[in-house]
Amino acid sequence: MATYCLTVARLQEVNHEVYNFLASAGAKYGVGFWKPGSGIIHQIILENYAYPGVMLIGTDSHTPNGGGLGAICIGVGGADAVDVMAGIPWELKCPKVIGVKLTGSLSGWTSPKDVILKVAGILTVKGGTGAIVEYHGPGVDSISCTGMATICNMGAEIGATTSVFPYNHRMRTYLEKTGRGQISALADQYSDLLVPDKGCEYDQVIELNLDELKPHINGPFTPDLAHPVADVGLYSHSCLIGSCTNSSYEDMGRAASVAKQALDKGLKCKAEFTVTPGSEQIRATIERDGYSKVLGDVGGVVLANACGPCIGQWDRRDVKKGEKNTIVTSFNRNFTARNDANPATHAFVTSPEIVTALAIAGTLNFNPETDYLTAPNGEKFKLDPPNGDELPARDFDPGQDTYQHPPADGTSLKVDVSPQSNRLQLLEPFDKWSGKDLEDLRVLIKVKGKCTTDHISAAGPWLKFRGHLDNISNNMLIGAVNSENDAVNKIKNYLTGEYGGVPDVARHYKANGVSWVVVGDDNYGEGSSREHAALEPRHLGGRAIIVKSFARIHETNLKKQGLLPLTFTNPSDYDKIRPDDKISIKGLETFAPGKPLSAVVKHGDGSTETMELNHSFNETQIEWFQAGSALNRMKQLQH
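None of these values were measured; they are calculated from a predicted model.

Chemist: How should unusual backbone geometry be read in this particular structure?
Modeler: Excluding glycine, most residues fall at negative phi; most peptide bonds, likewise, are trans. Cis peptide bonds are those with omega within 30 degrees of zero, and the linkage from Gly219 to Pro220 qualifies with -5°. Its place among the elements puts Pro220 in the loop between β9 (216–218) and β10 (226–228). We note that Asp440 has phi near 50°; this positive angle belongs to a residue other than glycine. Looking at Asp440, the relative accessible area reads 32%, which means it is partly exposed.

As structure tokens, this is what we get:
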């Protein structure tokens, strides 16, 4: 096997400074800490915190995973969570509601993952923006609780504010199996409040007949490019199951049932195959029940309980960077270079059972519903549809206790951050608004096409610097495509006339007192709720991000850090911006909700033109901008 995984013990050694900071900060301020090896937070939330009717916010875009338990769970940026922990009301523009009516029932090779892959193909990566997706209809009862969580989890990929299922017997059973029978009894008592109202109307309705739904595989490079499995044909280098989207007991059981069929015929995986359990509880239970052994015997490598390759934590060695190859995963995102830092990797997402079948076949040109495999003795055989228990018959094995309770009083505790650390850095307040319009801002980069938060602040090896703003800022926009030359991380420095990397040019501008803007395309900042994608531009001298449209979480994150997220009133004005332009943003002295600003654009040839810019700031958010950031404003209010 060419995939390598650091053990938890090794991770403790490498990341001791960071883990110690998290543990000590949690203890001091009364926050519980799930230690390394606990698993993926969304699985932990489903197992411990989510319940029908709760409203919960979390600092990750896949927080809506909790909708599988009838919870309203919404992903936000870190600064939004700070507001809530400080007792400040959390605000959200009232979303629309998209209804997805499910009829029929899931069966055979079709899985819950196929529901959201199909919906993503219909709505696209921005079709759910500004909306809650509510699943309903008779087909709901054919889906397990963790299957519903899978569907809600990946609603992030269509830009939905959150997704939710109505309370039913599947949720009741899951609550009971995870030690929360009292909550299920209470939910039963008030079940009429946890389902759609009779006669309710939706802003949009999508109907899916689960009897007719086929297994899907989406990609490459975007999670909304949907294909039936039968229509895809490529050689597969690596196959990976796990992630917060698909790492439940049922997921692992269905994958193991496929693997066992191959083993019984003497077959093993032809492609590299990795397995990532979603939590310590899942790891311990699938190990006890034999799933881990089956998946290992067929050729799989069981990795640590973590996000792992889904967020680029993959020390991949079977292909060189720049070498074209294909991988298929049960993850949620397949943006360029996300999983392995290789922009030439074509990544597809599908269900764990389809991933397992493709790993055994070694090619994406295999449809397990119709195609045959060949055993070592020459026998041709078809794989039977997967099966797996929704929940363990012998209850869950909790595994090791990895939770650190906060002490009753942590006020005397100290949180140490070394000034010499390259992993941790205390934040310094950003500068306040000058009180005047922003004049002659340089265009740092005009971004062409899709620009996710992965393009703005890459994950993978960069994540080790997420506690150190200055160091992680060296990845700012290094994945974005420059419209001037179609190159990545190559822009012109108009002070020197030379080309350089985006962070390097930004640092040079800042050092010389030159503020700048980024110009972008549609759905700018889609994907992860990664706060660094807003912190980094602010840290390196950015003042505004002007685009055709924003993804919800990123737009709010930019506001929180004192930046101006603005949209072209006329989207075609994007085409008028040139790399050598200077942009002045007018109207800030009378900045008000609902009142557009304007941009005076000075071209390099001396000509000028004025463009109208819209914004979604409310009065409180304007105060953030004026104070320099939401944190600055919070501090002002304390005095």
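From this point, the narrative continues.
Chemist: Would you take a moment to explain the domain arrangement of the chain for this structure?
Modeler: By convention, interface size is frequently given as the accessible area that disappears when the constituent parts associate. Assigned domains of the chain: these are domain 1 (50–213), domain 2 (226–314 + 321–370) and domain 3 (438–637). Relative to domain 3, the C-alpha centre of domain 1 lies at a distance of 33 Å. Across the boundary between the two partners, domain 1 contributes 20 residues, which contact 20 residues of domain 3. Here domain 1 meets domain 3 over a buried area of about 1400 Å², counting both sides, of which 48% is carbon and sulfur. The salt bridge involving Lys126 is made with Asp522; its shortest N-O contact spans 3.7 Å. Summed over the shared surface of domain 1 and domain 3, the result is 10 residue pairs in polar contact (both at pLDDT 80 or more). Contributions of two or more residues to the side of domain 1 that touches domain 3 are made by β4 (72–75) and α4 (78–85). For the side of domain 1 that touches domain 3, the element with the most residues is α4, which contributes five residues. Tallied by class, residues from the side of domain 1 that touches domain 3 come to eight nonpolar, seven polar and five charged.

Chemist: Whenever I open this one, the pairing of strand β5 (residues 96–103) confuses me. Can you help?
Modeler: The two faces of the sheet receive side chains in turn, since in a regular strand these alternate between them. As defined by bridge partners, β5 adjoins strand β6 (residues 131–136) across six bridges and the pair is classed as parallel. The residue of β6 that forms the bridge with Ile98 is Val133. You can see the chain leave β5, run along helix α5 (residues 112–123) and come back into β6, and the turn it takes is right-handed. For β5 and strand β8 (residues 204–209), the ladder comprises six bridges, and the chain directions are parallel. Its bridge partner being in β8, Lys101 is matched across the sheet by Glu207.

Chemist: Before we go on, may I ask you to explain the pattern of salt bridges in this structure?
Modeler: It is possible for side chains bearing opposite charge to pair when their charged atoms get close. In the structure shown here, the tally under the stated rule is 31 salt bridges. Among the ionic pairs, Arg170 bridges to Glu390, the shortest N-O distance being 2.4 Å. Of this pair, Arg170 sits in helix α7 (residues 169–177) while Glu390 sits in the loop between β18 (380–381) and β19 (403–404), and the two are 220 residues apart along the sequence. A relative accessible area of 21% means that Glu390 is categorised as partly exposed. Among the salt bridges present, the one from Arg172 reaches Asp188, with a minimum N-O distance of 3.1 Å. Residue Arg172 is located in helix α7, and its partner Asp188 is located in helix α8 (residues 181–189); the two are separated by 16 residues in the primary sequence.

Cut-offs and rules
- Residues numbered from 1 in each chain as written.
- Predicted model: local features only at pLDDT ≥ 70, side-chain atom pairs only at ≥ 80, totals over all residues.
- Heavy atoms only, no water.
- Helix = DSSP H or I, 4+ residues; strand = E, 2+ residues; numbered from the N terminus.
- Buried < 20%, exposed > 50% of the residue type's maximum accessible area, 1.4 Å probe, protein only.
- Domains from an automatic or database assignment.
- Contact = heavy atoms within 4.5 Å.
- Buried area = accessible area lost by both parts, 1.4 Å probe.
- Salt bridge = Lys/Arg side-chain N within 4 Å of Asp/Glu carboxyl O.
- Polar contact = N/O pair within 3.5 Å; in protein donor to acceptor, adjacent residues only side chain to side chain.
- Nonpolar A, V, L, I, M, F, W, Y, C, P; charged D, E, K, R; others polar.
- Pairing = 2+ DSSP bridges.
- Right-handed = clockwise from strand over helix to strand, strands pointing away.

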